[in-house]
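What follows is each chain in one-letter form.
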Amino acid sequence: MASTTPDVTTIVREKYGEAARRVLDVAEPAAADCCSPVNACCGGAAFNGTVDPITSNLYVNGETDVLPNAAVLASLGCGNPTALAELGEGDVVLDLGSGGGIDVLLSARRVGATGKAYGLDMTDDMLTLARRNAAEAGVTNVEFLRGRIEAIPLPSNSVDVIISNCVINLSGDKRQVLAEAFRVLKPGGRFAVSDVVVRGTVPADVRRSMELWVGCVAGALEEQEFRTLLAENGFTAIDIEPTRIYKSEDARTFLQESGVNVDEHLANIDGKFMAAFVRATKPRVPA
């Protein structure tokens, strides 16, 4: 999928950087509110402290208790890939767009001392935050890499599982992201990501008007298009499982702040966007 704008990478880097700095600048993260403007979707602007329908309630009670508060505050995802990816002891895991490191740290605990969890991010402030969070959590089987998800700085056939949390939709070249994911996975390796996915056709003017209800939604792939791109890049056993379907009222706060006519667009949004768990497998080398 071709880049929609030559500045998409710069825009995403700036938004994620702003989100990371808001967390880094909090002198006492423990006192920060998990519903504060820090947690705006995909690094977007603050929205009066309203609970974000995309990023809220993704992790079960107690799951993040072992992590630094800053890692939780900087979570800008749309799902919980670590809970669904069925990680095993000794696995090598790569998180595309790892942000503050919440899913890397959770993955590291799941794969144990014999496994390893990599986080890849292009934003220096997010990497600073993630490394600080890893040190605070005392997790040593992690490594945070600087780079873009369209050019993963790891060798071919080196990763057992790729996860991601509401990041692939932000890329301007999703075909290249999936090609790189296929390259670095070992034969038999698994692609197991959470992402925002479009269900059916959404009018172009609605897409454009929804740019505030995300960096997340504006670039999301249509469900069949996602399947096709995965297959064209060599993946098999492709499955897209809805984990949260967004209703029209979920978007009301964001659309109101964008200055558009809310009621004019809500009917065209209702049920058209979902958070989904996307699974696929890199085939094993024939015997």
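Residues numbered from 1 in each chain as written. Predicted model: local features only at pLDDT ≥ 70, side-chain atom pairs only at ≥ 80, totals over all residues. Heavy atoms only, no water.

J.: Help me get a handle on the environment of Ala113, residues and values and all.
T.: Note on placement: Ala113 falls in the loop between helix H4 (102–111) and strand S2 (116–121). The spacing of Ala113 and Asp91 is 22 residues in sequence and 9.9 Å in space, taken between C-alpha atoms. (Helix = DSSP H or I, 4+ residues; strand = E, 2+ residues; numbered from the N terminus.)

J.: Account for the packing of aromatic side chains, naming residues and giving values.
T.: One pass over the full model with this rule turns up 2 aromatic pairs. Here the aromatic rings of Phe182 and Phe235 are separated by 5.1 Å at their centres, their planes lie at 85°, and the arrangement is edge-to-face. Separated by 53 residues along the polypeptide, Phe182 in helix H6 (residues 174–184) and Phe235 in the loop between helix H8 (223–232) and strand S7 (236–246) bring together distant segments of the chain. Note on Phe235: relative accessible area 4%, which makes it buried. Both rings, one in Phe191 and one in Phe235, keep their centres 5.4 Å apart while their planes meet at 50°; by these two values the pair is tilted. Note that Phe191 is positioned in strand S5 (residues 185–198) and Phe235 in the loop between H8 and S7, a separation of 44 residues in sequence. For the pair Phe191 and Phe235, a shared accessibility class is recorded, and that class is buried. Connected via pairs of aromatic rings, a cluster forms that spans Phe182, Phe191 and Phe235. Over the face of the ring belonging to Phe182 we find Lys282, whose NZ or CZ atom lies 4.9 Å from the ring centre. (Phe/Tyr/Trp six-rings, centres within 6.5 Å; stacked < 30°, edge-to-face > 60°. Buried < 20%, exposed > 50% of the residue type's maximum accessible area, 1.4 Å probe, protein only. Lys NZ or Arg CZ within 6 Å of the ring centre and 35° of its normal.)

J.: Go over H6 with me, naming the residues and quoting the values.
T.: The set of residues buried in H6 consists of Lys174, Val177, Leu178, Glu180, Ala181 and Val184. Along the long axis of H6, the arc covered by the buried residues comes to 160°, so they all point the same way. Where H6 is buried, its residues touch strand S1 (92–96), strand S4 (159–164), S5, strand S6 (221–222) and H8. (Arc of directions from axis to C-beta. Contact = heavy atoms within 4.5 Å.)

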